[in-house]
Amino acid sequence: MFGGVCLNFCVLQSMKPFVVSHLVIWTIFCGSVFCNRPASVNLGAVFTFDSVIGRAAKVAMKMAVDDVNADPRVLSGTKLNLIMKDAECSVFLGAIGAFQALEEGIVAMVGPQSSSIAHMVSQIADALQVPLVSYGATDPTLSSLQFPYFFRTIQSDLEQMIAVADLIEFNEWKEVIAVYLDDDYGRNGISALRDELENRRLKISHKLPLSIQFDSNEITTLLNQSKSFGPRVYVVHINPDPKLRFFNIANKLEMMTKDYVWIVTDWLFATLDSFSPVNQTSLSVLQGVVGFRQHIPDSRRKRDFVSKWRNAHKGVTNGGLNAYGYYAYDTIWAVARSIDGFIKVHSNITFVVNNTNKPSHTQGNDLQLDKLKVLAGGFELVNILLQSNFTGVTGRLQFNSNRNIISGGYDVININQNAMTTVGYWSNCSGFSVIPAEILKSKKCKRLTQGQKLGNITWPGGGTERPRSWVIAGNGRALRIGVPRRVSFVEFVTVKDHQIQGYCIDVFNKALEFIPYDVPHKFIPVGDRKENPSYDALVKNVADNVYDAVVGDIAIVTNRTQYVDFSQPYATSGLVIVAPIDNARTNAWVFLQPFTADMWCVTAASFVMIGVVIWILEHRVNDDFRGPPKRQLVTAFMFSLSTLFKTNQERTISSLSKMVMIVWLFLLMVITASYTASLTSILTVEQLSSPITGIDSLISSNWPIGYQVGSFAYSYLTDSLYISKSRLVQLGSPEEYAIALQKGPSRGGVAAVIDELPYVELFLSKETGFGIIGQPFTKSSWGFAFQKESPLALDMSTAILKLAETGELQKIHDKWLCKMGCSEERTSNSKPDQLHLISFWGLYLLCGAVTLASLLVFLLRAIRQYARFKQQEKDIAVSPSSEPSSTSRHCSQVLINFFNFIDKKEEAIKKIFTQCDNPEPQVR
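Bear in mind that the values here come from a model prediction, so they are computed numbers and not experimental data.

What counts as what
- Residues numbered from 1 in each chain as written.
- Predicted model: local features only at pLDDT ≥ 70, side-chain atom pairs only at ≥ 80, totals over all residues.
- Heavy atoms only, no water.
- Core = buried A, V, L, I, M, F, W, Y, C linked by side-chain atoms within 4.5 Å.
- Buried < 20%, exposed > 50% of the residue type's maximum accessible area, 1.4 Å probe, protein only.
- Helix = DSSP H or I, 4+ residues; strand = E, 2+ residues; numbered from the N terminus.
- Pairing = 2+ DSSP bridges.
- Axes fitted to C-alpha atoms, helices over the stretch in contact; angles between N-to-C directions.
- Arc of directions from axis to C-beta.
- Contact = heavy atoms within 4.5 Å.
- Right-handed = clockwise from strand over helix to strand, strands pointing away.
- Phe/Tyr/Trp six-rings, centres within 6.5 Å; stacked < 30°, edge-to-face > 60°.
- Lys NZ or Arg CZ within 6 Å of the ring centre and 35° of its normal.

*Asks:* So what exactly am I meant to see when it comes to the nonpolar core here?
*Replies:* The tendency in soluble globular proteins is for nonpolar side chains to be buried as a group. In this structure, Phe492, Tyr503, Tyr570, Phe784, Leu792 and Met796 are the most contacted members of the largest nonpolar core, which totals 82 residues. Here this core takes seven residues from helix 14 (residues 503-512), the largest share from any one element. With 79 residues, the next largest nonpolar core counts Ile53, Ile124, Val306 and Leu372 among its residues.

Below you can see the structure in the form of structure tokens.
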């Protein structure tokens, strides 16, 4: 064992010089690999060189690489190499360019500007774990969830489409036409706009795709097609076009006039910014266009960059600086800073051979796909890039969790008189404002709808008034307007001498005068001339595109609003009940009706009682109530009756009489006023001859009910009130109404007719034997029906409101519906309430109590005087020779004497008492 150890030790001693030399070499190699920064790093760039974006980006990226290499604070001596590959607007060539750049060992890739190419290259970058940073691919579907190595240093089209939707909502437009490029960039951008508009209850009414290689003929065909549509707000989302072919053709087709609105995304201003000042004179074809441009705050860095750009770009045509050039410059700086941070952590950049998914056949290919290498630590570079936070020429550059740059907002640009004018700014924080977003962010950020503001915008045609955004389609086809051919109540709408006329038609034609554009239309009568058409079917034809609208006496009910839009109501309606009435004014004894029999009896008795009581209280003190019995009887009753007219010739003297009269006159005033009111009601309100008191009593009965042909009343009675269909009788004209109601249910007629209030009012203006029971039991209105989301419905509603405000609506109503005089609405109760005794028993009780109290006081006073009188009579009438009075005098004689006593005037009684109290002295 020890011998073996010694042998090994000897071997090691003999090998020592060899081992040491190799260790030194390995240490030097490792130090050069792990301890020293790489001398250079490669950065790939795949984009289309000869394009509006590519020309600006190419110069900007070269400037950025030079500035990075000249700055010792970044990469610390490691040279940044930019390897550029031309995609030539082709997904295939873009992918080949990406592979070629990856073969050269690039650490990261910049670009492409095309969203379609970005989708392909992102998959390649993900496979090799190389970050892909784009300054031009704005497709919102390029998501970090699908492509974890994809970054975007420019704002996504999702942000831009939010701004576009806000502009549409700001101007209160409801529908737009979208013109877009039929690729990932165009389709997905418009899809984002559609979602944003739907969130605001707006919509894209028509989508017009253009092929990627569109030509003038395709644009002409597409724009001519759009003329047949109603909306006039266009959103154009295509690639930058230096020749401005789209708007040149739109101008030739006379689509840059006041009837049109053109909203463009940032492609147009990227194009215009690339023009030289001489070329910008062609802006005349863009008069009134409004669009968005990536907002880049003004700063010293930006001004220095522009100065360097001009120096580096001298002598180059069609290559002006646009927003994409700024973002391309900052993209290089963001990648360089991230590579610098990665090297500081890992000291070097290494690649490993990708043995997975190795192609089986690569012979004969220029691309050595089997030799492509994966960036070691690529995802760590992604994390470092995600933490970028520095100020570049575009402002603060930071990424959100979706690897998109944090939005800086947009400039709102209006082209007017060959100049681009900034009319405001948009940011997701504050919406529209005339103050730049970076200034608003320093304040408290609140996005309020009422706080949105933009400068004055000049629209196509040179006007500054906001366009209405919709016109009648200019395809030569007039609006098809269905009109019910009524055979009854023709005052509302009918066909006479081949002309459509009536109340509803006049309202519609007058409203058209208040709409600020021409509405070519033709009326199409609907009906068989035998009976009124079905209004539900007529409205349904609008939803089925048989008609563009329906004008007539169309009731606005719930089930119809599900498939058409109605205008503002122009007439109030509702279902009412019509029944026969009795005219109380033809009754000779109508004046007796206000009181019941009990009331008349008690009232008559009260007059008699008051006459008797006043006679009793006044007889002893008032000469007017004395005299022969016949005269006194007449005086008492005439005095009582004359209190009705307050013309009493006899005046009351007794205090008790005055007290009774005060209470009686108050009672009489209340009764007289009540009688007058009740009689007035009877003479002016017609009474029903049927026991129906309302819809409830009509439903509970089994009597037949009439309704108008074609009216929604039938469906309402059967579906909502569950009245049996066998009880409903179809009536076609006012004459049939009258005959059926006069016959009544016992003779084959109907107990009542249920119809809409305007029809009933017209019916009652001609017929006097019928009236309305109670109030309308449904509330509805009449309006004009239009196809769903038709802008004409809104304009017509505004016009109807103006008609009502100016009084024109009432004039039209009076012209058609008051030819025979406008009858007041006859609303009747089943039977007016008569005045019952129970309603006045309190007053009668008060009057009776005061009267009895007065009589009691009078009797007590009379008895007291009679007792005194009898006592004094005994004292002066008794003498010694006189015979004692008889004690057998009958009790009746006492009463007779008492009545004889109170029949005397009280003045005479008082004189007797005075003489007895003061006797004359005897003469001696």
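*Asks:* Sorry if this is basic, but what is going on with the sheet that holds strand 1 (residues 40-47) here?
*Replies:* Where strands meet in a sheet, backbone hydrogen bonds hold them as pairs that are either parallel or antiparallel. One open sheet accounts for five strands, arranged 2-1-3-4-5; its pairing is parallel. Across the chains shown, the open sheet's two edge strands, defined by having one partner strand only, are strand 2 (79-86) and strand 5 (150-152). Strand after strand, the sheet turns through a mean of 25° between neighbouring axes, direction not considered. Judged from the two bridges that link them, strand 3 (residues 106-110) and strand 4 (residues 132-134) form a sheet pairing that is parallel. Its bridge partner lying in strand 4, Val110 is registered against Val133.

*Asks:* Got a minute to help me understand helix 15 (residues 535-543) in this structure?
*Replies:* Structurally, the α-helix is built with 3.6 residues per turn, so residues lying three or four positions apart point the same way. Among all positions in helix 15, only Tyr535, Leu538, Val539 and Val542 are buried. On an axial view of helix 15, the arc spanned by its buried residues comes to 95°, and they lie on one face. Summarising the contacts, the buried residues of helix 15 are in contact with strand 18 (479-484), strand 21 (521-526), strand 22 (549-555), helix 16 (558-561), helix 23 (757-764) and strand 31 (780-786). Looking one or two residues beyond helix 15, the residue adopting positive phi is Asn545, at roughly 65°.

*Asks:* What is the right way to read helix 7 (residues 216-226) from this model?
*Replies:* Among all positions of helix 7, only Ile219, Leu222, Leu223 and Ser226 are buried. Summarising the axial view, the buried residues of helix 7 lie within an arc of 95°, below the 170-degree limit, and thus occupy one face. Seen from the open side of helix 7, the exposed residues pointing more than 90 degrees away from its buried face are Asn217 and Thr221. Taken together, the buried residues of helix 7 touch strand 6 (175-181), strand 7 (203-210), strand 8 (233-237), helix 8 (245-252) and strand 9 (261-264).

*Asks:* In this structure, what is going on with the pairing of strand 27 (residues 705-708)? I would like to understand it.
*Replies:* Successive side chains on a regular strand alternate, one facing one side of the sheet and the next facing the other. Burial of the side chains of strand 27 extends over both faces: Ile705 and Tyr707 are buried on one face and Gly706 and Gln708 on the other. The sheet contact formed by strand 27 and strand 28 (residues 728-731) spans four bridges and is parallel. In the strand pairing of strand 28, Tyr707 is matched with Gln730. The parallel pair strand 27 and strand 28 is bridged by helix 21 (residues 713-720), and the resulting crossover is right-handed. In the sheet, strand 27 pairs with strand 29 (residues 752-756) via three bridges, with the strands oriented parallel. Looking across to strand 29, one finds that Ile705 is bridged to Ala752.

*Asks:* Where do I start with the packing of aromatic side chains in this structure?
*Replies:* The geometry of an aromatic ring pair is captured by the separation of the ring centres together with the interplanar angle, meaning the angle of the planes. Evaluated as defined, the whole model comprises 35 aromatic pairs. Here the aromatic rings of Phe247 and Trp262 are separated by 5.6 Å at their centres, their planes lie at 75°, and the arrangement is edge-to-face. Of this pair, Phe247 sits in helix 8 while Trp262 is found in strand 9, placing the two residues 15 residues apart along the sequence. Accessibility assignment for this pair places Phe247 and Trp262 in one class, buried. Look at Tyr503 and Tyr570: their rings are 6.0 Å apart centre to centre, the planes differ by 55°, and that puts the pair in the tilted class. Of this pair, Tyr503 sits in helix 14 while Tyr570 sits in the loop between strand 23 (565-566) and strand 24 (571-573); the two residues are 67 residues apart in sequence, bridging distant segments of the chain. Taking relative accessible area as the criterion, Tyr503 reaches 3% and is therefore assigned buried. Judged by its relative accessible area of 4%, Tyr570 falls in the buried class. Chaining the aromatic ring pairs together yields one cluster made of Phe489, Phe492, Tyr503, Phe508, Phe523, Tyr570, Tyr737, Tyr759, Phe763, Phe770, Trp782 and Phe784. Residue placement shows Lys302 over the ring face of Tyr326; its charged tip is 5.7 Å from the ring centre. For Arg337, the ring lying beneath its charged end belongs to Phe390, and the centroid distance is 4.7 Å.

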